[in-house]
Amino acid sequence: MNSIVKGVNFPSYIFASLVAGYVMLGVDLMLDGFLGLFGTYRGYIELIKIWGLFRGMEDWIMAAGHTINSVVLALVFVHPQVYRLVPPKNGLFKGLTFGAVWHLIVLFVLVITAYGGAKFMKEFLNIPLKDHISLFLLHLIWGGTLGLLYVPKASQ
């Protein structure tokens, strides 16, 4: 674990990842229906029901899972080797770039696993186009917030 976070400004990473996840989910909730977009949280709750493990708690599982994802996946962004590679130098635009690339990676994995037979991923792939667009915008918001708030160690 030490090699994963070596060179990471850990307090800044934790703060930025929690806030970025909160902002992403908050925008999805508050802008539900704006220009026919957002509100993807409803789809996540429906997808969670496929598992049948969290009956009656799907909304809590969605929120907790979303927060955990934000913290864990932000480690990729803040890792010094990745952080230095992501253009440009400005944190906000660095985060927006990362969010866009991250979305493309997620989409690639989604397509591969869905066509490989994963039931959850098949359902996820078949969400409405407006939800796919919303998720792209939400990943930009997540990445942008992460990039805006994360302060790398001086050595980066």
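As the structure is a computational prediction, the values presented were derived from the model and not from experiment. (Residues numbered from 1 in each chain as written. Predicted model: local features only at pLDDT ≥ 70, side-chain atom pairs only at ≥ 80, totals over all residues. Heavy atoms only, no water.)

Novice: Teacher, can you tell me more about the overall build of the protein chain here?
Specialist: Looking only at helices and strands, the protein chain has 8 helices and 0 strands in total. Ordered by position in the sequence, the α and β elements of the protein chain form the string α-α-α-α-α-α-α-α. In terms of overall size, the protein chain behaves like a compact globule, its C-alpha atoms giving a radius of gyration of 16 Å where 156 residues would be expected to give roughly 15 Å. Seen through its principal axes, the protein chain has C-alpha atoms that stretch 45 × 35 × 30 Å. A burial count over the protein chain gives 39% of its 156 residues as buried. Put simply, of all contacts in the protein chain between residues at least 6 apart along the chain, 69% involve residues at least 24 apart. With 11 positive and 7 negative side-chain charges, the protein chain shows a spacing of 16 Å between the two charge centroids. (Helix = DSSP H or I, 4+ residues; strand = E, 2+ residues; numbered from the N terminus. Rg over C-alpha atoms; globule rule 2.2 N^0.38 Å. Buried < 20%, exposed > 50% of the residue type's maximum accessible area, 1.4 Å probe, protein only. Contact = heavy atoms within 4.5 Å. Lys, Arg positive; Asp, Glu negative; His and termini not counted. Charge placed at Lys NZ, Arg CZ, Asp CG, Glu CD.)

Novice: What am I meant to see in the environment of Gly144 here?
Specialist: Counting through the fold element by element, Gly144 comes out in helix H8 (residues 129-149). Gly144 sits in the buried class, given a relative accessible area of 5%. Sequence separation of Gly144 and Ala20 is 124 residues, and the distance between their C-alpha atoms is 8.1 Å. With sequence-adjacent residues up to four places away left out, Gly144 is seen in contact with Leu92, Gly95 and Leu96.

Novice: I would appreciate a short explanation of helix H6 (residues 91-115) in the present structure.
Specialist: The α-helix advances 3.6 residues per turn, and as a result positions three or four apart in sequence lie on the same side. With 25 residues, H6 should cover 36 Å at 1.5 Å per step; its first-to-last C-alpha distance of 36 Å lies within 8% of that length. All of the buried residues in H6 are Gly91, Lys94, Gly95, Phe98, Gly99, Trp102, His103, Leu110 and Ala114. You can read the cap of H6 off the contacts: a side-chain oxygen lies 2.8 Å from the backbone nitrogen of Leu92, and it is on Asn90. A positive phi of about 110° marks Gly117, the residue just after H6. (Expected span 1.5 Å × (residues − 1). Polar contact = N/O pair within 3.5 Å; in protein donor to acceptor, adjacent residues only side chain to side chain.)

Novice: What should I look at first to understand the layout of surface pockets in this one?
Specialist: Summary: where empty space remains is shown by rolling a probe the size of a single water molecule over the atoms. Estimates place the volume of the largest pocket at around 680 Å³. Within the residue set of the lining of the largest pocket, elements represented by two or more residues are helix H3 (40-51), helix H4 (58-78), H6, helix H7 (119-125) and H8. At 7 residues, the largest contribution of residues to the lining of the largest pocket is made by H4. (1 Å grid on protein atoms, 1.4 Å probe; cavity = no way out; pocket = protein on both sides within 12 Å on 5 of 7 lines; lining within 4 Å. Points joined across faces, edges and corners; volume = space filled by probe spheres on them.)

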